[in-house]
Every structure is written in structure tokens, then in C-alpha cells.
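Summary of the model geometry
The primary structure of each chain is shown beneath.
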Amino acid sequence: GIQVEQSPPDLILQEGANSTLRCNFSDSVNNLQWFHQNPWGQLINLFYIPSGTKQNGRLSATTVATERYSLLYISSSQTTDSGVYFCAVERGYGNKLVFGAGTILRVKS
Amino acid sequence: GAGVSQTPSNKVTEKGKYVELRCDPISGHTALYWYRQSLGQGPEFLIYFQGTGAADDSGLPNDRFFAVRPEGSVSTLKIQRTERGDSAVYLCASSLQGDRDPPNTGELFFGEGSRLTVL
């Protein structure tokens, strides 16, 4: 099956700093989503981005489907950005997603 | 409600017992999913419903696990003869069914999960 690798596995930031999280995948995909799991366990959908670039406030994401990677950018980080960021992909369209292991982000004030 | 609702939020049971977990998806979402998340890992797909029927149950680990969605809205995940290894957070999610061919279900929205502990 398709493999998803996320890097870095852990990241500690000072509040206000910027960061880039990476997701590599082993096969072509038609579905790619980024999620944030907050410290209480709630998974929040950040982006549905099988290709191209999207922005939502301080967050933006870019997927280069031909090169099989996606990037999540966090600018001016805040303590509320802490949690685990997951990339999830699917070859098809049905949301039968394969998740990466996640990047644990800690933002310190 | 506005989001995906799951009950119970926590369930502690003894090995060998039967458990039911309930999910109420976002109103209007025809696609419903169950995922399972073990500690320190990403969620893993279990089963997917399109309407009332299970479109894909390939992620169910064995025949002790079963899920239903009789009226195309609320779903129940049923686990028989629970084992300690079943302990995990069971996540329900829903999405719209798009009208393209093949249909694009778009963004997936998760509930807060049901944490199952089997003693």
C-alpha cells in the first residue's frame, strides 16, 4: 500500500516563529488532506489539497503531486498551534485515507 | 448539532464483553467513516458507508467488529468479545458525496472520538 512519511517527527518553536512541515508519499494520489490534532484529541481538517496551493490565515499548504510531496507552512506560530499535524493521502477519491505518523509541534511562549 | 457527534466519549469494559459505539454525522453528509487511533499513531481506516450500505469494510481487523447504518444517518460500531488489544480511540468522520465521476468526497470531518479501554 501507499506509504506516507512526515518530517520532522518533533518540532519545538518559540512563539512567533515560522515552520515548514513536510509530507512525502510513495505513489500518485487523488486525495491529500492535512489535519491538526489538538492536545484534547480533536482532529481538525486544515486543508483538502491534492494539488496546488491554498492559504487560510497563518497557514498555507502546497502539494506538488508530480513529485509526491506536500508542505504545510505555519507562520507567526502561537501556543494554540501546538499538537500533532497529520498528512493523509488516498489514491482514490473515497476518503479511505492513509495517515502519516504525524509531526508533534510544541510552541513555547 | 453542527459537528460529528460520538457517544460515549469514554468506555471502560472488561475483556470478553460486548461494546457499542455510536456516531451521528454532520447533517447532509452521506458518507460516514470509522477510523481507529492507537496511542502515538495516526488514525487507521476501518469501514466506510455510503448511505446505508458498507461501501468498504476492508479495514475491520476481524469478524468481532461490525458496523451498521440502518437509516443512512447514525452509525453504530459493534465490538464482540473485546480484547485488551482493542483499546484505542475510535473516531467517526463524515463527508459530502460529490457529484463527479468518480465522486469526490472532499474534506473529512472527525468527531471527538470514543476512547475504549479494555481491562
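One structure accompanies this document, and this report is about it. (Residues numbered from 1 in each chain as written. Chains lettered and ligands numbered in written order. Predicted model: local features only at pLDDT ≥ 70, side-chain atom pairs only at ≥ 80, totals over all residues. Heavy atoms only, no water.)

Quick look at the layout of surface pockets
- A volume near 570 Å³ is recorded for the largest pocket.
- Contributing to the lining of the largest pocket are 27 residues, with Gln37 of chain A together with Gln37, Leu39, Val89 and Arg115 of chain B lying nearest its centre.
- Elements supplying a minimum of two residues to the lining of the largest pocket: strand 9 (83-90) of chain A together with strand 9 (88-95) and strand 11 (114-118) of chain B.
- Take the lining of the largest pocket: its biggest share by element is four residues, from strand 11 of chain B.
- A per-class count over the lining of the largest pocket returns eleven nonpolar, 14 polar and two charged. (1 Å grid on protein atoms, 1.4 Å probe; cavity = no way out; pocket = protein on both sides within 12 Å on 5 of 7 lines; lining within 4 Å. Points joined across faces, edges and corners; volume = space filled by probe spheres on them. Helix = DSSP H or I, 4+ residues; strand = E, 2+ residues; numbered from the N terminus. Nonpolar A, V, L, I, M, F, W, Y, C, P; charged D, E, K, R; others polar.)

Notes on the state of the cysteines
- Per the stated rule, a full pass over the model turns up two disulfides over all chains.
- Sulfur-sulfur distance for the disulfide between cysteine 23 of chain A and cysteine 87 of chain A comes to 2.1 Å. Its torsion about the S-S bond being -60°, the disulfide of cysteine 23 of chain A and cysteine 87 of chain A is classed as left-handed. Taken together, the residues cysteine 23 of chain A in strand 3 (residues 19-25) and cysteine 87 of chain A in strand 9 connect sequence positions 64 residues apart. Here cysteine 23 of chain A and cysteine 87 of chain A have matching classes, each one buried.
- A sulfur-sulfur separation of 1.8 Å characterises the disulfide bridge that pairs cysteine 23 of chain B with cysteine 92 of chain B. Across the S-S bond of cysteine 23 of chain B and cysteine 92 of chain B the torsion is about -70°, and the bridge reads as left-handed. In this pair, cysteine 23 of chain B sits in strand 3 (residues 19-24) while cysteine 92 of chain B sits in strand 9, placing the two residues 69 residues apart along the sequence.
- You can call cysteine 23 of chain B buried: its relative accessible area is 0%.
- A residue is classified by how much of its surface remains accessible, and cysteine 92 of chain B, at 0% relative accessible area, is buried. (Disulfide = S-S within 2.5 Å. Buried < 20%, exposed > 50% of the residue type's maximum accessible area, 1.4 Å probe, protein only.)

Focus: the sheet that holds strand 8 (residues 69-74) of chain A
Residue and element names in this part refer to chain A.
- Ordered by their spatial adjacency, five strands build an open sheet running 1-3-8-7-6, and the pairing between neighbours is antiparallel. Of all the strands in the sheet, the pair left with one neighbour each is strand 1 (4-7) and strand 6 (52-56). In this sheet, adjacent strand axes meet at a mean angle of 15° when their direction is disregarded. (Pairing = 2+ DSSP bridges. Axes fitted to C-alpha atoms, helices over the stretch in contact; angles between N-to-C directions.)

A closer look at the sheet that holds strand 8 (residues 75-79) of chain B
All names here are of chain B.
- Pairing within the open sheet is antiparallel, and its four strands lie in the order 1-3-8-7. Across the chains shown, the open sheet's two edge strands, defined by having one partner strand only, are strand 1 (5-7) and strand 7 (65-68). Within the sheet, the average angular offset between the axes of one strand and its neighbour, ignoring direction, is 15°.

Topic: the interface of chain A and chain B
- Each partner contributes to the interface: chain A provides 15 residues, whereas chain B provides 23 residues.
- Of the roughly 1,600 Å² buried at the junction of chain A and chain B (both faces included), carbon and sulfur atoms supply 51%.
- When the area that chain A buries against chain B is broken down by residue, the three leading residues are Tyr93, Asn95 and Lys96 of chain A, summing to 35%.
- Counting every contact that joins chain A to chain B gives one salt bridge.
- Aspartate 56 of chain B is paired through a salt bridge with lysine 96 of chain A; the nearest N and O atoms lie 3.2 Å apart.
- Applying the counting rule to chain A against chain B returns ten residue pairs in polar contact (both at pLDDT 80 or more).
- Broken down by secondary-structure element, the contributors of at least two residues to the side of chain A that touches chain B are strand 4 (31-37) and strand 5 (43-48) of chain A.
- When its residues are assigned to classes, the side of chain A that touches chain B shows seven nonpolar, seven polar and one charged. (Contact = heavy atoms within 4.5 Å. Buried area = accessible area lost by both parts, 1.4 Å probe. Salt bridge = Lys/Arg side-chain N within 4 Å of Asp/Glu carboxyl O. Polar contact = N/O pair within 3.5 Å; in protein donor to acceptor, adjacent residues only side chain to side chain.)

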